[in-house]
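Below are the chains, spelled out letter by letter.
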Amino acid sequence: MSGHSKWATTKHKKAAIDAKRGKLFAKLIKNIEVAAKIGGGDLAGNPTLYDAVQKAKKTSVPADNIERAIKRGSGAESGGADWITITYEAYGPGGVAVLIECLTDNRNRSATDVRVAVTRNGGTMADVGSVARVFSRKGIVVVAKTQEGKEITDLDLMEATLDYDPDQINDEAENWEIICDPTQLVEVRTAIQNAGLDYESADTAFLPSFTSSVDDVDTASKLLKLLDALDDCDDVQEVYSNEEVSSEIEAQLAEEE
């Protein structure tokens, strides 16, 4: 899985611009609504909602929007949608496996939007199960390396989470990324907090069991366009892929933007 998150950082740089910001806010709000609907609106008693709210706050989603989403999801306020989760599978340029998670209130719209984004950008839709087998769900807790002027080391995190034996701790530029069993996500996140440390996010995600090497700029550029097209779909919450891209190709792509 080495390099995957680094590439993800590169391929989602457009998320920082205003056009993407509104879409990101909408995705975070959906997550809050769903979490509140499933587990109730009490943050203390609903760890999934707690983490969804924390992520939204760290992404600067307005507090009023967060509060209204909790009320809609929990039924305290009308207007909540009947969200359903749908997963689509595809192959991108270079045979890269792509897993697409949608949260939608219109199955037909989602299916059409995803298919158009894939087929118009050099990809093909895959048979059910053919791509999903490449991925497994994991818990991921992201911790900033520098907190209140103090450098946080991987040894600090290993000591804090020793009781839960996380799968690995990855060095990801300015952050540490703790990979764990998804059923232990809350425990690992809580252990980090109990050690007096803050965390950037705590989520479950699909990680690939193996990677597919993308060894030329043209293929990487086409793949980037496909992934961005999927990200632009309103119903798409997350896009997971198993490409392995060299730093040289990343640098060439960065020069082209």
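Values in this document were obtained by computation on a predicted structure and should not be read as measured data. (Residues numbered from 1 in each chain as written. Predicted model: local features only at pLDDT ≥ 70, side-chain atom pairs only at ≥ 80, totals over all residues. Heavy atoms only, no water.)

With that out of the way, let us pick up the overall build of the protein. Secondary structure summary: the protein contains nine helices and 12 strands in total. For the protein, the C-alpha radius of gyration of 19 Å lies close to 18 Å, the compact-globule estimate for 257 residues. Its C-alpha atoms give the protein principal-axis dimensions of about 45 × 45 × 35 Å. For the protein, the proportion of its 257 residues judged to be buried stands at 44%. Approximately 13,000 Å² of the protein is accessible, and the part contributed by carbon and sulfur atoms is 48%. If you average the places of the 28 positive and of the 46 negative side-chain charges in the protein, the two averages end up 7 Å apart. (Helix = DSSP H or I, 4+ residues; strand = E, 2+ residues; numbered from the N terminus. Rg over C-alpha atoms; globule rule 2.2 N^0.38 Å. Buried < 20%, exposed > 50% of the residue type's maximum accessible area, 1.4 Å probe, protein only. Areas by Shrake-Rupley, 256 points an atom, 1.4 Å probe, with all protein chains shown as cover. Lys, Arg positive; Asp, Glu negative; His and termini not counted. Charge placed at Lys NZ, Arg CZ, Asp CG, Glu CD.)

It is worth spelling out the confidence of the model for the protein at this point. Looking at the protein as a whole, its pLDDT mean stands at 89, while 92% of the residues score no less than 70. Here helix 1 (residues 4-11) stands out as the least confident element of the protein, with mean pLDDT 47; strand 3 (residues 124-125) is the most confident, with 98. Counting interchain partners and residues more than four positions distant, the pLDDT-below-50 stretch residues 1-7 has 19 contacts. Per-residue pLDDT stays below 50 along residues 9-16; that stretch engages in 13 contacts with residues further than four places along the chain or on separate chains. (pLDDT = per-residue confidence, 0-100. Contact = heavy atoms within 4.5 Å.)

Our next topic: the state of the cysteines. Under the criterion given, the structure shown has zero disulfides. Not part of a disulfide, Cys102 finds its nearest cysteine sulfur in Cys233, a span of 7.2 Å. (Disulfide = S-S within 2.5 Å.)

Time to look at the side chain of Asp51. Checked against the element boundaries, Asp51 lands in helix 3 (residues 47-58). The class of Asp51 is buried, set by a relative accessible area of 6%. Excluding its chain neighbours within four sequence positions, the residues that come into contact with Asp51 are Arg189, Tyr199 and Ala202.

What follows concerns the sheet that holds strand 3. Within a sheet, each strand pairs with its neighbour through backbone hydrogen bonds, oriented either parallel or antiparallel. Ordered by their spatial adjacency, four strands build an open sheet running 3-1-2-11, and the pairing between neighbours is antiparallel. Each edge of the sheet is formed by a strand with only one pairing partner; in this case those strands are strand 3 and strand 11 (236-241). Bridge analysis of strand 1 (residues 84-91) against strand 3 gives two bridges, and the strand direction is antiparallel. Residue Tyr91 lies in a different strand from strand 3, and its bridge partner there is Thr124. (Pairing = 2+ DSSP bridges.)

The next point concerns the nonpolar core. Grouped together as the largest cluster of nonpolar side chains are 24 residues, with contacts concentrated most on Val98, Ile100, Val114, Leu230 and Val236. Looking at this core, the elements that each hand over two or more residues are strand 1, strand 2 (97-104), helix 5 (107-119), helix 8 (217-232), strand 11 and helix 9 (247-256). It is helix 8 that provides the largest number of residues to this core, a total of seven residues. In this structure, Val236 is in contact with Lys27, Ile100, Glu101, Cys102, Val114 and Leu230, ignoring residues within four places of it in sequence. Judged by nonpolar contacts, the second largest core, of 14 residues, contains Ile29, Ala52, Ile66 and Ala69. (Core = buried A, V, L, I, M, F, W, Y, C linked by side-chain atoms within 4.5 Å.)

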